[in-house]
Amino acid sequence: MHEFRYINNRLYCEKVKVEELARKFGTPLYVYSYHTMLDHFHKLQAAFRSVKPLVCYSVKANSNLAILKALVDKGAGLDIVSGGELYRALKAGCPAQKIVYASVGKTDKEIEEAVKKGILFFNVESLPELENINRIAGRFKRPVNVALRINPDVEPKTHKFITTGKITNKFGIDFAVARRILLLRRSLCNIKICGLHIHIGSQITESAPFVAAIKKVIAFLARMKNEGVTLEYLNLGGGLGIVYDNEKPQTAVKFAAQVLPLLKRTGLKVIMEPGRFIIGNAGILVARVLYCKSTPRKRFVIVDAGMNDLIRPSFYNAYHQILPIRYPLSAIRYTEKVDIVGPICESGDFFAKDRRLPRLKEGDFIAVMSAGAYGFSMSSNYNSRRRAKEVMVVKDKAFVIRKRESFQDLLRNEIIPAFLMGL
Ligand SMILES: *Cc1c(COP(=O)(O)O)cnc(C)c1O
């Protein structure tokens, strides 16, 4: 599962004590386990071995260059959603032919750049976007590959902000429009429609919604084949759920058992875009307790990390396990119900509410578990807080993969106009 565990009541990441990392590098601190991340990647690849999928790690889950490089070195492709992510993907050494690009709002500049670099294909989300790519592709010699992102209208049973495959969501193209596009494909002479794409949401813990979506797409493929349309790729997107609390998400093996028979019947090349599944449980956010405060109704534990570092609890009402990084036996007897909150001037700035935890005191360290995905990548400078340092642990070694921001970093792009300087 993951390489964060207690040994003699101390929390370890692989072979390193988390407390040592916290003292050496300071807090707030993101800690990633290299082997956990690779293990998840390999598990998915192994489960789908018989169709040799191209596993394109979803960059937005955690886009640190070192993380991208580690995965790319093991053969991963990358799934990107912006020009910035294209830039990162190439800097991390990802071959352009292993990059797929989705987003409902690709700009002309972003499209041009991706065409120039020769990415594998765009996942196109609307007819106007398709026409725009066709227009831009006209300036280049070779045809540009695209896959149609289908909105299969299924209920993925996850948080509404991370549902993307219902017909009321902004993502993808419905079947009727997709059919029309495929039938008029010859009039779009600068592009080649090479596949279909689905991505129905995130943190999906059951196979049923995936199976429902894949079945719909396969029926559609069969219908289109009858109308003379043949394609090369089926991109399944990401969305595989992980354990945050007591979820029982499908494993890679179970997921494969459900969908492989369907995929094989299509004969198409398979692409997958896991993000959370690979990096979610491979990262934690370490924070230090600044103060403990009791009010007539509540006990608050105030830590030095905030919603700017990890927004998931505030944004999605997401649950994260909180662990003390020292766990003396006595702690189990003395527990209390607390809110773990950050220093930010928002009541939404919390990591846990009414959570029963061993008694914490000032100076203790806590770990917010399963913070590897949509943690750092969604972090901000709100309250002029410098973004956290990130370290990657490989067995008994820890490598800084992002420095803590400096105060100068905060101001780097700001300009006081001359008139305000009295000039
Ligand atoms: C965000 C995203 C993913 C990854 O989703 P996870 O839930 O992290 O696996 C994959 N594909 C697309 C198009 C996405 O937008």
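To keep things clear, this report deals only with the structure shown in the data block. (Residues numbered from 1 in each chain as written. Predicted model: local features only at pLDDT ≥ 70, side-chain atom pairs only at ≥ 80, totals over all residues. Heavy atoms only, no water.)

## Section: the packing of aromatic side chains
For any pair of aromatic rings, the description rests on two quantities: the centre-to-centre distance and the angle between the ring planes. Applicable threshold: Classification of ring pairs rests on two measures: the distance between centres of Phe, Tyr or Trp rings, Trp counted by its six-membered ring, which must be within 6.5 Å, and the angle between planes, read as stacked under 30 degrees, edge-to-face over 60 and tilted in between. A run of H or I in DSSP counts as a helix once it spans at least four residues, and a run of E counts as a strand once it spans at least two, with each numbered from the N terminus. Note on classification: 1.4 Å probe, protein chains only; a residue is buried when its accessible area is under 20% of the maximum for its type, exposed when over 50%, partly exposed between these limits. Either the NZ atom of lysine or the CZ atom of arginine qualifies as a charge over a ring when it sits within 6 Å of the ring centre and within 35 degrees of the ring normal.
For the coordinates displayed, the defined rule picks out ten aromatic pairs. Judged by centre distance (5.6 Å) and plane angle (35°), the ring pair of Tyr-101 and Phe-122 falls under tilted. Separated by 21 residues along the polypeptide, Tyr-101 in strand β7 (residues 99-102) and Phe-122 in strand β8 (residues 121-124) bring together distant segments of the chain. Each member of the pair, Tyr-101 as well as Phe-122, is classed as buried. Seen in terms of ring centroids, Phe-315 and Tyr-316 are 4.8 Å apart; in terms of plane orientation they differ by 40°. Their pairing is tilted. Here the aromatic cluster, defined as three or more aromatic residues joined through ring pairs, consists of Tyr-30, Tyr-32 and Phe-376. Its end group placed over the ring of Tyr-101, Lys-106 keeps NZ or CZ at 5.6 Å from the ring centre. A cation over an aromatic ring shows up here: Lys-353 above the ring of Phe-350, its NZ or CZ 4.3 Å from the ring centre.

## Things to note about the nonpolar core
Selection criterion: We call a set of buried residues a nonpolar core when its members are Ala, Val, Leu, Ile, Met, Phe, Trp, Tyr or Cys and they connect through side-chain atoms within 4.5 Å of each other. Note on contacts: a residue pair qualifies if any of its non-hydrogen atoms lie within 4.5 Å across the two residues.
In this structure, Met-37, Phe-48, Phe-122 and Ile-340 are the most contacted members of the largest nonpolar core, which totals 106 residues. The biggest single contributor to this core is helix α8 (residues 208-226), with nine residues. Not counting the four nearest positions on each side in its chain, Met-37 is found in contact with Ile-67, Ala-70, Leu-71, Ile-278, Ile-279, Ala-282 and Met-392. Counting residues in hydrophobic clusters, the runner-up holds 19 residues, among them Val-18, Phe-25, Phe-365 and Ala-367.

## Examining the environment of Ser-314
To be explicit about the condition: Polar contact criterion, stated in full: a pair of N or O atoms within 3.5 Å, where within protein one must be able to donate a hydrogen and the other to accept it, and residues adjacent in sequence count only if both atoms are side-chain atoms.
Following the sequence through the fold, Ser-314 ends up in helix α11 (residues 312-316). Given the relative accessible area of 26%, Ser-314 is considered partly exposed. C-alpha of Ser-314 to C-alpha of Ser-347: the two residues are 33 residues apart in sequence and 9.2 Å apart in space. With residues near it in sequence (within four places) discarded, Ser-314 still touches Met-307, Gly-348, Asp-349 and Phe-350. Among the polar contacts listed, one links the side chain of Ser-314 to the backbone oxygen of Gly-348, at a separation of 2.7 Å.

## Here we look at the site of the ligand
Applicable threshold: Residues are classed as near a molecule or strand on a simple rule: at least one heavy atom within 4 Å of it. To be clear on the numbers: accessible area is Shrake-Rupley with a 1.4 Å probe, and residue cover counts the displayed protein chains and nothing else. Just so you know the grouping, Ala, Val, Leu, Ile, Met, Phe, Trp, Tyr, Cys and Pro go in nonpolar, Asp, Glu, Lys and Arg go in charged, and all remaining residues, Gly too, go in polar.
Residues in contact with the ligand amount to 15 residues; listed here are only the nearest, Lys-60, Ser-202, Glu-273, Arg-276 and Tyr-374. Take Lys-60: an N or O atom from its side chain is 2.6 Å from an oxygen atom of the ligand. One of the side-chain N or O atoms of Tyr-374 is found 2.6 Å from an oxygen atom in the ligand. Here the ligand has 390 Å² of accessible area as a free molecule, and 95% of this is covered by the chains. Of the residues belonging to the shell around the ligand, the class tally is three nonpolar, seven polar and five charged.

## Focus on the sheet that holds strand β2 (residues 10-13)
Operational definition: Pairing between two strands is assigned when DSSP locates at least 2 bridges connecting them.
One open sheet accounts for three strands, arranged β1-β2-β3; its pairing is antiparallel. Single-partner strands in this sheet number two, and they are β1 (4-7) and β3 (16-17). Of the pairings in the sheet, the one linking β1 to β2 comprises four bridges and is antiparallel in character. Along β2, the bridge assignment pairs Tyr-6 with Leu-11.

## Some words on the environment of Ile-198
Inspection of the secondary structure puts Ile-198 in the loop between β10 (191-197) and α8. Considering only alpha carbons, one finds Ile-198 and Glu-273, 75 residues apart in sequence, at a separation of 9.9 Å.

## Side note on helix α2 (residues 34-47)
Spelled out, the test is: Any helix carries an expected span of 1.5 Å times its number of residues minus one.
Under the 1.5 Å per step criterion, the end-to-end length of α2 is 20 Å for 14 residues, consistent within 8% with the ideal 20 Å. Restricting attention to buried positions, one finds in α2 the residues Tyr-34, Thr-36, Met-37, Leu-38, His-40, Phe-41, Leu-44 and Ala-47.

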